Amino acid sequence: MSSSQPSSLLSPPLIVFLLSMSLYIPTLCPTIAGGDAGELVAEGCTLGTAHPPGYPTFTLLTYLLTSLPLPLRPAYIMNLSSALLGSLTSSYITSSVLLLSPSPLPSLFSGLFNTISPLTWQYSVTSEVFSLNNFLTTLITHNFLSYLTSPSPSFLYKGAFLSGLSLTNQHTSILFIVPSITYLIYIAELLHFNNRRKLLICAGLFLVGFSSYVTMPIFAVYKPHLGAWGDVKSLGGWMNHFRRADYGTFQLFSGDAAKSEGNIERTVAYLVDLASKQGGPGVFFLGIWGICACVGVAFGGMFGGGGRKGGKGKRKNYKEKNNQVQDKEKVNAAKAVVAIFGCWVFYLCVFHTLANLPLSNPLLYGVHQRFWMQPNILFFIFAGVGGGKFAERFGNNVTMVTLAAIVFYTVFMNYSKVDLSDDIWFDYYARSVLEALPRDSLLVINYDQQWTSVRYLQECEGVRPDIISVNLSMMSYMWWKTKVPLYEGIVNFPGTNYVSPRLKGTGFTWRELLDANIDMFEGGIYLGGNLNYKEDDYLDKYEIVPWGLSKRFAKRNELTTGSGFLEWVDTSREKIHELTNRFETLPDTAKYDESTWEWTLQREYWDHLYERTSHLLEILLRDGDDAVPMTPQLKFDLLIEVAASFELILGNDKLKREEDYGLYKNLGLCYMHMIKSDKGLSYGTKHFSDKLINFQGTDLIESVSTLGFPVVSPGSEWRNHATDRWSTLWRKYLEMDGAENDGSYQSVKSILTAVFQSVGEAQQARAAQGGQ
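As the structure is a computational prediction, the values presented were derived from the model and not from experiment.

### Points about the packing of aromatic side chains
Piece 1. Per the counting criterion, the structure on display carries 48 aromatic pairs.
Piece 2. For the pair Phe 144 and Tyr 183, a centre-to-centre distance of 6.2 Å together with 75° between the ring planes defines the contact as edge-to-face. Here Phe 144, found in helix H7 (residues 129-149), pairs with Tyr 183, found in helix H9 (residues 174-187); they are 39 residues apart in sequence, far enough to count as distant.
Piece 3. Summarising the aromatic geometry, the rings of Phe 379 and Phe 382 are spaced 6.0 Å apart at their centres and angled 75° between planes, so their arrangement reads as edge-to-face. Of this pair, Phe 379 and Phe 382 both sit in helix H17 (residues 373-394), three residues apart, roughly one helical turn.
Piece 4. When the ring centre of Tyr 428 is taken as reference, the NZ or CZ atom of Arg 582 above it lies at 5.9 Å.

### Considering the layout of surface pockets
Piece 1. Empty space within the second largest pocket amounts to approximately 960 Å³.
Piece 2. Forming the walls of the second largest pocket are 46 residues, and the residues nearest its centre are Pro 118, Leu 119, Gln 122, Gln 278 and Lys 417.
Piece 3. Of all the elements in the fold, those that place two or more residues in the lining of the second largest pocket are helix H6 (118-123), helix H13 (263-278), helix H14 (280-298), helix H16 (362-369), helix H18 (396-418) and helix H24 (597-620).
Piece 4. For the lining of the second largest pocket, the leading source of residues is H18, giving eight residues.
Piece 5. Residues of the lining of the second largest pocket, tallied by class, amount to 19 nonpolar, 17 polar and 10 charged.

### As for the pattern of salt bridges
Piece 1. For the structure shown, the criterion picks out 26 salt bridges.
Piece 2. With a closest N to O distance of 3.2 Å, Asp 607 and Arg 603 form a salt bridge. Linking Asp 607 with Arg 603, this pair stays in helix H24, spanning four residues, or about one helical turn.
Piece 3. Judged by relative accessible area, Asp 607 falls into the partly exposed class, the value being 25%.
Piece 4. Notably, a salt bridge pairs Glu 641 with Arg 612, separated by 2.7 Å at the nearest N-O pair. Of this pair, Glu 641 sits in helix H25 (residues 632-652) while Arg 612 sits in helix H24, and the two are 29 residues apart along the sequence. The exposure classification of Glu 641 matches that of Arg 612, with both residues buried.
Piece 5. Through salt bridges with shared partners, one network takes in Arg 603, Asp 607, Asp 653, Lys 656 and Asp 660.

### Some details on the state of the cysteines
Piece 1. Scanning all chains against the criterion turns up one disulfide.
Piece 2. The disulfide partner of Cys 45 is Cys 460, and the S-S distance across this bridge is 2.4 Å. On the sign convention where negative is left-handed, the bridge of Cys 45 and Cys 460, at about 110° about the S-S bond, is right-handed. Of the two residues, Cys 45 sits in helix H2 (residues 37-46) while Cys 460 sits in helix H20 (residues 448-460), which places them 415 residues apart along the sequence.
Piece 3. Look at Cys 460 and you get buried, because its relative accessible area is 16%.
Piece 4. Looking at the unpaired Cys 292, the closest cysteine sulfur is the one in Cys 294, lying at 9.6 Å.

### Here we look at the environment of Tyr 415
Piece 1. Note that Tyr 415 resides in helix H18.
Piece 2. Look at Tyr 415 and you get partly exposed, because its relative accessible area is 31%.
Piece 3. Residues Tyr 415 and Leu 23, 392 residues apart in the sequence, show an inter-C-alpha distance of 9.5 Å.
Piece 4. With near-sequence residues (within four places) excluded, Tyr 415 lies in contact with Pro 26, Thr 27 and Trp 121.

### Some remarks on empty space enclosed by the protein
Piece 1. Scanning the entire structure with this criterion turns up six cavities of 30 Å³ or more.
Piece 2. If you add up the space inside the largest cavity, you get close to 60 Å³.
Piece 3. For the largest cavity, the full set of lining residues is Leu 47, Gly 48, Thr 49, Gly 54, Pro 56, Thr 59, Leu 60, Thr 215, Met 216 and Phe 219.
Piece 4. Those elements that place two or more of their residues in the lining of the largest cavity are helix H3 (56-66) and helix H11 (215-222).
Piece 5. Tallied by class, residues from the lining of the largest cavity come to five nonpolar, five polar and no charged.
Piece 6. Taken together, Ile 140, Thr 141, Phe 144, Phe 176, Ser 180, Ile 340, Cys 343 and Leu 378 form the lining of the second largest cavity.
Piece 7. Every element with two or more residues in the lining of the second largest cavity is listed here: H7, H9 and helix H15 (313-354).
Piece 8. Here the lining of the second largest cavity gets three residues from one element, more than from any other, and that element is H7.
Piece 9. Split by residue class, the lining of the second largest cavity holds six nonpolar, two polar and no charged.

### Some points on the pairing of strand E3 (residues 524-529)
Piece 1. Most of E3 sits inside the fold, with six of its six residues counted as buried.
Piece 2. For strand E1 (residues 441-446) and E3, the ladder comprises six bridges, and the chain directions are parallel. Of the residues in E3, the one forming a bridge with Ser 441 is Gly 524.

### Considering the packing of H13 against H16
Piece 1. Remark: H13 packs on H16, axes separated minimally by 12 Å, with the N-to-C direction vectors making an angle of 80°. On the basis of the axis angle, H13 is roughly perpendicular to H16. The residues of H16 that touch H13, namely those facing Arg 266, Ala 269, Asp 273 and Gln 278, are Tyr 365, His 368 and Gln 369.
Piece 2. Partitioned by chemical class, the residues of the contact of H13 with H16 number two nonpolar, three polar and two charged.

### What about the confidence of the model for the protein chain?
Piece 1. The pLDDT averaged across the protein chain works out to 86; a share of 86% of its residues lies at or above 70.
Piece 2. Counting contacts from residues 301-311, a segment whose pLDDT is below 50, to residues more than four positions away or on other chains yields 17 contacts.

### Points about H14
Owing to its 3.6 residues per turn, the α-helix aligns residues three or four sequence positions apart on the same side.
Piece 1. Its 19 residues place the ends of H14 27 Å apart at the C-alpha level, agreeing with the 27 Å of an ideal helix rising 1.5 Å per residue.
Piece 2. Listed in full, the buried residues belonging to H14 are Gly 280, Val 283, Leu 286, Gly 287, Trp 289, Gly 290, Ile 291, Ala 293, Cys 294, Gly 296, Val 297 and Ala 298.

### Examining the pairing of strand E2 (residues 468-471)
Piece 1. As defined by bridge partners, E1 adjoins E2 across four bridges and the pair is classed as parallel. Among the inter-strand pairings, Val 444 is bridged to a residue of E2, identified as Val 470.
Piece 2. Between the parallel pair E1 and E2, the chain is carried across by H20, and the sense of this crossover is right-handed.

### Details of the sheet that holds E3
Pairing between sheet strands relies on hydrogen bonds along the backbone, with the strands arranged either parallel or antiparallel.
Piece 1. Within the open sheet, the five strands sit side by side as E2-E1-E3-E5-E4. Their pairing is mixed. Strands with a single pairing partner mark the edges of an open sheet, and in this sheet they are E2 and strand E4 (542-547). If you compare each strand with its neighbour and ignore which way they point, the axes differ by 25° on average.
Piece 2. Sheet contacts for H20: E1, E2 and E3; angle to E1, the most-contacted strand, approximately 135°.
Piece 3. Relative to E4, H24 is tilted by about 130°, and along the sheet it contacts E4 and strand E5 (550-555).

### Structural notes on the packing of helix H8 (residues 153-167) against H9
Piece 1. Running from amino to carboxyl end, H8 crosses H9 at an angle of 155°, the nearest separation of the two axes being 10 Å. Judged on the interaxial angle alone, H9 and H8 are roughly antiparallel. Between H8 and H9 the crossing geometry is left-handed. Seen from H8, the contacting residues are Leu 156, Ser 163, Ser 166 and Leu 167; seen from H9, they are Ile 174, Ile 177, Ile 181 and Leu 184.
Piece 2. Each residue belonging to the contact of H8 with H9 can be placed in one class, and the counts come to six nonpolar, two polar and no charged.

The rules behind each value
Residues numbered from 1 in each chain as written. Predicted model: local features only at pLDDT ≥ 70, side-chain atom pairs only at ≥ 80, totals over all residues. Heavy atoms only, no water. Phe/Tyr/Trp six-rings, centres within 6.5 Å; stacked < 30°, edge-to-face > 60°. Helix = DSSP H or I, 4+ residues; strand = E, 2+ residues; numbered from the N terminus. Lys NZ or Arg CZ within 6 Å of the ring centre and 35° of its normal. 1 Å grid on protein atoms, 1.4 Å probe; cavity = no way out; pocket = protein on both sides within 12 Å on 5 of 7 lines; lining within 4 Å. Points joined across faces, edges and corners; volume = space filled by probe spheres on them. Nonpolar A, V, L, I, M, F, W, Y, C, P; charged D, E, K, R; others polar. Salt bridge = Lys/Arg side-chain N within 4 Å of Asp/Glu carboxyl O. Buried < 20%, exposed > 50% of the residue type's maximum accessible area, 1.4 Å probe, protein only. Disulfide = S-S within 2.5 Å. Contact = heavy atoms within 4.5 Å. Pairing = 2+ DSSP bridges. Axes fitted to C-alpha atoms, helices over the stretch in contact; angles between N-to-C directions. Parallel < 35°, antiparallel > 145°, perpendicular 65-115°, else oblique. pLDDT = per-residue confidence, 0-100. Expected span 1.5 Å × (residues − 1). Right-handed = clockwise from strand over helix to strand, strands pointing away. Left-handed = near helix turned anticlockwise from the far one by under 90°.

Put into structure tokens, the structure is as follows:
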């Protein structure tokens, strides 16, 4: 009912926009966030090609905005643009409800329901394609409703352009476009011969909207850039990129999805999330009410619609005619709601049929969850219509109080989690990765979060340009051969693409890549993440050593013998200290749970500290020809350092404490070798804790005490403490799930049994002597 929209300066859509911005701006992420944000902004800064399907409109928008002479970081500019687009989305939701309901109050709150939805809020304060997608799909919906309530060819033309444009940003918008275009073609009779001109205009405008995809091959040819995705210069390569062939067309997940949930389970998960988190019970109830009421009006008054009976006389005939007009508007509005309800059902059915991300994995659940924002937009419109019915039943005052209470409660409950003004984690993470590397290094990355955050810092902020970063996953695609010429004189690629040793062909293995580049990079070659394939043929020539948040590949024995070993110990310890000092604290798991990218940084810190400590222990325990020469005193001190680091992990990393039996085995092994040492020194806890990395002010002894482990008091015998810890840790190891499958299980069990048997026999002997 467009005639009912208020014309005052502070109209509901404007109020919603201003309130939304007032919530989003104070909670903006100050830098780059997790997920794809870093890569998307980086490709925008350089007019490169982002991962499939390319997102050319977002790339162009990013380039335009980050080219403005603003004293702001590129990531913050794009975060701000997300807030603007998110606020406009909520504003147009309100405007859409005003087309359907005469009451401005529920329409205002319908937009706010979208603003304060935790999922929408999160992606309205960070740089991602979802805020732009929400805006474009809301414009399509508003335009669709405008035509249904007040038919005009201009709405058809705008809708065609918006449909093409939205597909250049996020392909899931097609799940709105297909049902809405199909319905419009039917009711507007666009297939009728007399309407062919309208149909041709719509088709032309659709292609105009879609035309930003043409820029991808243009920029790839005239502005080629290292690190950009895919081969989009050829028609076949462009088509592969557009249809996401690298990941699997019509799929979200390229991994093993054999045990993934089905359509029904996913739909139930969506409804539960909507009713419990994104909208809450109140909004869910209003949405269902709005749907039912409109179905009733559209199909004969089943739920309270229907016409009015006319009176007698000339005056009553006028009223009757006026009522009939109003009833017709109500029926048209109800039919429009039913039409977008069909779009909502279509989206959920098709998307949940095609989606294959396992929802049992919290992180992948969070990835899947992002695609629920699009149907949520329609549901908030339903809730606005339901709010109108609520107002008709209970009056504006009760409606105002009720809806305001829903909004305030939702903001109160979620504000601390959606406030990302302190989310500097991926900036710190990427800087820690880069700053740990020597000058003129090659960094090969095979971990998405490391790639996206590092790429942003290097491409948009110019951090560490002396380091060459390449993506190992990209190297594994056949199109990589088209990228090889760009790296001439920079990186040597001894083949077309990275392959498994079993599938050699024209590709190259990891060993061959090392052979071709090991002497080319003075600072060394580093790997972030893990290799794609199981290959160990390079180990006879190269060794791997932990290095900050990555791993260094060096010629064998270069870093684990003589001065090279001591240099690695000191340097790797320094890198861990620098990492700890930069972070000061790790992301709060109460705020950043397992469904967030920030949570993964907890794993990165502890996993790399564990790798460095395990590697040091492995070197210390080498014997024979493989042993590294060192004094007994140095070895004992380094064993203490190993124990202190393992204890820190045990005391602070809940996941490893509860699931990693290797931690208990290795820490117990460390204590056992300390006991066997011939040093015979009496170390107190101060010497022990001096070896500890000062993480978040952690007191090692207090940390261990809280786990119920025996703790040595200052001045007590070190061997007693080490013996207690060894026996406790190995007993725990033997009790843990899966430990029986470990190759060392029987050895540990035999040693522990033999020791306790020996102790028992010694006690019996002493008792016997005492009895004599």
